Amino acid sequence: MNTTAIQETLPAVQLSGLVKSFGAVTAVNGLDLTVTPGEVVAFLGPNGAGKTSTIDILLGLSRATRGSVKVFGLDPAQAVAQGRIAAVMQTGGLLKDLTVRETVQLNASLYRQPRPVGEVLERAGITQIAGRRVGKCSGGEQQRLRFALALLPEPDLLVLDEPTTGMDVEARRAFWNAIRQDAAQGRSILFATHYLDEADSYADRIVMIRKGAVVADGTASQVRGMAAGRQVRVVLPGADQVALAALPGVTSVQQRGDSVTIACGDSDSVLRYLITSTTAHDFEVTSRNLEDAFIALTTDEATTGQGF
Amino acid sequence: MSTTSIERGPVTFSPTYLLLELRRSLRNRRTLIFLVIMPPVFFLLFGHGYRDSDPEAFAYVMISMAVYGAMIATTSIGAQVSVERSQGWTRQLRLTPLRPTGYVLTKVGAALILGVVPVVIVLGVGAALGAQLSFGEWIAAGVLSWFCSLVFAALGLFLGYLIPAENAMQFMGPLLALMSFFGGLFQPLDQMPQALQDIAPWMPTYAVGLVARSPITDSGLTLGHVADLLLWTGVFVAGTALLFRRDTQRV
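As the structure is a prediction and not an experimental result, all values here were calculated from the model.

**Q** Please explain the overall build of chain B as it appears in this structure.
**A** Summing up its helical and strand segments, chain B has 13 helices and 0 strands in all. Each helix and strand of chain B, placed in order from N terminus to C terminus, yields the pattern α-α-α-α-α-α-α-α-α-α-α-α-α. Computed over its C-alpha atoms, the radius of gyration of chain B comes to 19 Å, within 12% of the 18 Å expected for a compact globule of 251 residues. Across its three principal axes, chain B shows a C-alpha extent of roughly 70 × 35 × 35 Å.

If you want it as structure tokens, here you go:
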């Protein structure tokens with residue numbers, strides 16, 4: 001029986017039909033998500049979309065109302081006990097009257113085979129402040145301490161719940177540099193974030209959720225293509241939607257009356273085609289960025305404009 | 001399956017955690033005041049008057065104050081649970097292989113170790129002031145004062161899980177003082193008004209005091225009192241277990 005070989009092929013995360021209700025409120029509503037080993041996934045969604053509820057279930061901090069949760073084929077609690085999954089939470093979880101080093105020592109003693117204390121301090125970039133009381137550390141330093149704690153078991157999956165909320169630009173950069181320098185070993189990372197540029201810069205794959213379900217899922221470039229890129233709007237009676245959709249870089253074609261809206265990554269070739277091969281007129285080209293897409297994909301009509 | 005869990009499975013107890021827990025408490029000025037200063041000061045306050053006039057009452061107050069000190073120490077450790085819950089520390093621990101019971105074990109361990117401190121100090125002050133006990137009586141009174149404070153470790157944990165407040169000890173300090181007063185720890189009960197003597201047996205402190213003083217006095221300890229003590233401990237442990245389960249399975 002070759003268990004290691006079996007484990008390698010198991011997904012890092014497998015959520016299927018996940019439902020989480022709090023009384024009458026449904027926070028997670030039939031969410032499906034599979035993360036393969038080594039993937040870096042950004043988990044995007046507005047407040048109340050179900051990000052934190054999903055992460056809590058993934059970490060075994062709360063239980064799903066329905067659906068199944070597997071982390072490397074294990075129940076979350078087992079995966080935590082075996083150090084396969086570790087997390088950096090947004091706030092709390094630190095004792096203010098311990099020093100940074102003591103905090104790491106304490107947490108290290110709770111694992112059977114932790115990485116050395118000095119090593120994780122170094123990897124998280126907090127060796128210089130090891131003797132400082134946690135209560136005297138800045139938010140960014142505390143967050144790197146949480147990261148150091150998460151490194152102790154050398155987890156195969158690292159979960160970050162909005163890790164840089166409230167940090168200034170410099171602290172965010174320092175935090176992500178620490179994560180990035182460490183990510184080379186093929187660890188899976190799942191991070192929830194409000195910052196689209198973080199998702200854009202650090203994720204292989206972006207999963208957008210809204211009202212507890214996935215609304216967009218793809219590699220960073222796919223979601224970019226789907227969500228970002230350009231939008232070409234023309235008046236074209238009797239448009240051949242199939243032909244338009246087949247053009248290179250086109251991600252969607254919508255028709256309303258004579259007006260056709262084409263979302264695409266490469267507006268030049270679409271325009272060239274429309275001008276040379278069709279009778280289209282009244283050209284209008286607009287660019288959409290990831291943020292527009294995020295709002296479009298994740299916001300209710302009723303709440304549009306409140307944004308995040 | 002079982003082979004991997006031996007190498008990377010759950011952890012029930014960590015000596016390092018216990019050690020750091022003790023270090024934290026000893027670094028905390030407020031805890032030190034509760035542990036090192038208050039019990040002997042209270043002892044002198046309530047007991048010094050009996051020193052020459054009534055050696056028996058002097059010993060009574062000495063042992064009662066040792067109990068009081070151990071009680072404060074063990075309860076305050078348990079009560080830290082409320083602070084640590086509100087700071088998300090227990091949640092952080094749930095992201096490690098430490099079993100939830102390991103956290104409670106660490107607290108009880110720290111409470112019992114710290115409970116020794118005021119007992120030794122109060123009895124030491126008593127000895128210095130001339131309390132006359134045989135060697136066996138010193139040892140028995142000390143050990144019983146300390147061991148019976150286990151019931152208050154359970155009380156502290158119970159309240160720590162019950163009270164959502166940032167600092168449960170602010171609520172608990174006065175509560176403990178009242179329980180001690182009405183339970184007859186501050187003054188010999190037979191010197192108190194009848195009404196107070198009637199209330200005393202309803203306090204968990206009463207039975208603890210009787211047990212702790214039993215080596216030196218015919219304190220009137222009966223099996224019923226021991227059963228009382230066990231009942232109180234049972235109530236607090238059961239309450240803690242219930243709240244603990246609610247806390248760790250929170251949805």
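**Q** Sorry, what's going on with the layout of surface pockets here?
**A** Over the atoms rolls a probe the size of a water molecule, and in doing so it shows where empty space is left. The space that makes up the largest pocket amounts to roughly 800 Å³. Gly60(A), Ala77(A), Arg94(B), Pro100(B) and Thr248(B) are, among the 36 residues lining the largest pocket, the residues nearest its centre. Elements supplying a minimum of two residues to the lining of the largest pocket: strand 4 (66-71) and helix 3 (76-81) of chain A together with helix 6 (89-93), helix 7 (100-128) and helix 13 (223-248) of chain B. Classifying every residue of the lining of the largest pocket by side-chain character gives 19 nonpolar, 10 polar and 7 charged.

**Q** Just checking my understanding: could you explain the interface of chain A and chain B for this structure?
**A** Quoted interface sizes are often the accessible area lost when the parts come together. If you look at the interface, chain A gives 36 residues, while chain B gives 31 residues. Between chain A and chain B, roughly 3200 Å² of surface is buried when both sides are summed, and carbon and sulfur atoms account for 54% of that area. Of all residues in chain A, the largest losses of buried area upon contact with chain B belong to Leu61(A), Leu110(A) and Arg112(A), amounting jointly to 21% of the total for that side. Applying the counting criterion to the chain A and chain B interface returns 4 salt bridges. Two residues, Asp56(A) and Arg91(B), come together in a salt bridge whose shortest N-O distance is 2.9 Å. Seen at the junction of chain A and chain B, the total is 13 residue pairs in polar contact (both at pLDDT 80 or more).

**Q** Explain the sheet that holds strand 2 (residues 25-35) of chain A here, please?
**A** What holds strands together in a sheet is hydrogen bonding between their backbones, with the strands either parallel or antiparallel. All names here are of chain A. As summarised here, the arrangement of the 3 strands in space is 2-1-4, forming an open sheet in which the pairing is antiparallel. In this open sheet, the two edge strands, each paired with only one partner strand, are strand 2 and strand 4. Ignoring strand direction, the axes of neighbouring strands in this sheet form an average angle of 20°. The pairing of strand 1 (residues 13-22) with strand 2 spans 8 bridges and is antiparallel. Paired with Ser 21 across the strands is Thr 26, a residue of strand 2. Along the sheet, helix 2 (residues 51-58) makes contact with strand 1, strand 2 and strand 4, crossing strand 1 at roughly 120°.

**Q** Would you take a moment to explain the pairing of strand 11 (residues 250-256) of chain A for this structure?
**A** Each regular strand carries side chains that alternate between the two faces of the sheet. All names here are of chain A. Where strand 11 lies against strand 12 (residues 259-264), 6 bridges are found, and the strand directions are antiparallel. Directly across from Val 253, in strand 12, lies its bridge partner Ile 262. Where strand 11 folds back onto strand 12 in an antiparallel hairpin, the turn is made up of 2 residues, including Gly 257, whose phi is positive at roughly 60°.

**Q** Any chance you could explain the UniProt feature "transmembrane region" (unreviewed entry) in chain B here in plain terms?
**A** All names here are of chain B. Taking the UniProt record as the reference, the feature "transmembrane region" (unreviewed entry) is found at residues 32-51, 57-83, 104-126, 138-159, 171-189 and 223-244. Along residues 104-126 the backbone is 100% helical and 0% strand, and the end-to-end C-alpha distance reaches 33 Å. The span residues 223-244 is 100% helical and 0% strand by assignment, and the distance between its end C-alpha atoms comes to 31 Å.

**Q** Looking at this model, I keep getting lost on the sheet that holds strand 5 (residues 85-88) of chain A. Mind explaining?
**A** Residues and elements named next belong to chain A. Strand order across the open sheet formed by 6 strands is 5-6-7-3-8-9, with mixed pairing between neighbours. Of all strands in the sheet, those bounded by a partner on one side alone are strand 5 and strand 9 (213-219). The average angle at which neighbouring strand axes cross in this sheet is 15°, direction not considered. Here 4 bridges tie strand 3 (residues 40-44) to strand 8 (residues 205-210), and the two strands are oriented parallel to one another. Considered in strand 8, the bridge of Leu 44 is made with Met 208. Packed onto the sheet, helix 2 meets strand 3, strand 5, strand 6 (157-161), strand 7 (188-193) and strand 8 and runs at close to 145° relative to strand 6. Helix 6 (residues 139-151) rests against strand 5 and strand 6 of the sheet, and its axis sits at about 175° to strand 5.

**Q** Please explain empty space enclosed by the protein as it appears in this structure.
**A** Residue and element names in this part refer to chain A. Here the structure, examined in full by the defined rule, presents 1 cavity of 30 Å³ or more. Reported here for the largest cavity is a volume of approximately 70 Å³. Those elements that provide at least two residues to the lining of the largest cavity are strand 5 and helix 6. Looking at which element gives the most residues to the lining of the largest cavity, the answer is helix 6, with 3 residues. A class-by-class count of the residues in the lining of the largest cavity yields 6 nonpolar, 3 polar and 1 charged.

**Q** Quick question: what am I supposed to make of the domain arrangement of chain A here?
**A** Taken as a whole, chain A is organised into domain 1 (7-84 + 155-223) and domain 2 (230-287). Computed over C-alpha atoms only, the centres of domain 1 of chain A and domain 2 of chain A are separated by 36 Å.

**Q** I would appreciate a short explanation of the pairing of strand 8 of chain A in the present structure.
**A** The buried count for strand 8 of chain A comes to 5 of 6 residues, which makes it a mostly enclosed element. Taking the residues that link successive antiparallel strands as the turn, the strand 8 of chain A-strand 9 of chain A hairpin has 2 residues, and the phi of Lys211(A) there is positive, at about 50°.

**Q** Looking at this structure, I do not really get the packing of aromatic side chains. What am I missing?
**A** When we look at a pair of aromatic rings, we describe it by the centre distance and by the angle of the planes. Evaluation of the coordinates by the stated rule reveals 16 aromatic pairs over all chains. A centroid spacing of 5.3 Å and a plane angle of 80° characterise the contact between Phe181(B) and Phe182(B), whose relative ring orientation is edge-to-face. By relative accessible area, Phe181(B) is classed as partly exposed at 30%. Aromatic ring contacts, followed pair by pair, group Phe147(A), Phe175(A), Trp176(A), Phe191(A) and Tyr202(A) into a single cluster. Over the ring of Phe72(A) we find Arg84(A), and its NZ or CZ is 4.3 Å from the ring centre.

**Q** Please clarify how a nonpolar patch on the surface should be interpreted in this entry.
**A** Residue and element names in this part refer to chain B. Residues Leu 26, Leu 32, Ile 33, Val 36, Ile 37 and Val 41 make up a contiguous nonpolar surface patch of roughly 450 Å² in combined accessible area. Per element, the largest residue contribution to the nonpolar patch is 5 residues, and it comes from helix 3 (residues 29-47). Among the structural elements, Val 36 can be located in helix 3. Taking relative accessible area as the criterion, Val 36 reaches 31% and is therefore assigned partly exposed.

**Q** In this structure, what is going on with the packing of helix 3 of chain B against helix 7 of chain B? I would like to understand it.
**A** In helix packing, the relevant descriptors are the interaxial angle and the interaxial distance, both defined with respect to the helix axes. Residues and elements named next belong to chain B. The interhelical angle for the contact between helix 3 and helix 7, taken along N-to-C directions, is 35°, at an axis separation of 9 Å. Helix 7 is crossed by helix 3, and the crossing has right-handed handedness. In contact with Leu 35, Val 36, Pro 39, Pro 40, Phe 43 and Leu 44 of helix 3, helix 7 contributes Leu 114, Val 117, Pro 118, Ile 121, Val 122, Val 125 and Gly 126. Class assignment for the residues of the contact of helix 3 with helix 7 results in 12 nonpolar, 1 polar and no charged.

**Q** Help me out: how do you make sense of the pattern of salt bridges in this one?
**A** When charged atoms on two side chains of opposite charge get close, those side chains can pair. Taken as a whole and assessed by the stated rule, the structure comprises 22 salt bridges over all chains. Salt bridges sharing common partners tie together Asp97(A), Glu21(B), Arg24(B), Glu84(B) and Lys107(B).

Cut-off values and rules
Residues numbered from 1 in each chain as written. Chains lettered and ligands numbered in written order. Predicted model: local features only at pLDDT ≥ 70, side-chain atom pairs only at ≥ 80, totals over all residues. Heavy atoms only, no water. Helix = DSSP H or I, 4+ residues; strand = E, 2+ residues; numbered from the N terminus. Rg over C-alpha atoms; globule rule 2.2 N^0.38 Å. 1 Å grid on protein atoms, 1.4 Å probe; cavity = no way out; pocket = protein on both sides within 12 Å on 5 of 7 lines; lining within 4 Å. Points joined across faces, edges and corners; volume = space filled by probe spheres on them. Nonpolar A, V, L, I, M, F, W, Y, C, P; charged D, E, K, R; others polar. Contact = heavy atoms within 4.5 Å. Buried area = accessible area lost by both parts, 1.4 Å probe. Salt bridge = Lys/Arg side-chain N within 4 Å of Asp/Glu carboxyl O. Polar contact = N/O pair within 3.5 Å; in protein donor to acceptor, adjacent residues only side chain to side chain. Pairing = 2+ DSSP bridges. Axes fitted to C-alpha atoms, helices over the stretch in contact; angles between N-to-C directions. UniProt positions renumbered as here; feature names shortened; annotations may be inferred. Domains from an automatic or database assignment. Buried < 20%, exposed > 50% of the residue type's maximum accessible area, 1.4 Å probe, protein only. Phe/Tyr/Trp six-rings, centres within 6.5 Å; stacked < 30°, edge-to-face > 60°. Lys NZ or Arg CZ within 6 Å of the ring centre and 35° of its normal. Patch = residues over 30% accessible without salt bridge, like charges linked within 9 Å, V, L, I, M, F, W, Y side chains within 5 Å. Areas by Shrake-Rupley, 256 points an atom, 1.4 Å probe, with all protein chains shown as cover. Left-handed = near helix turned anticlockwise from the far one by under 90°.

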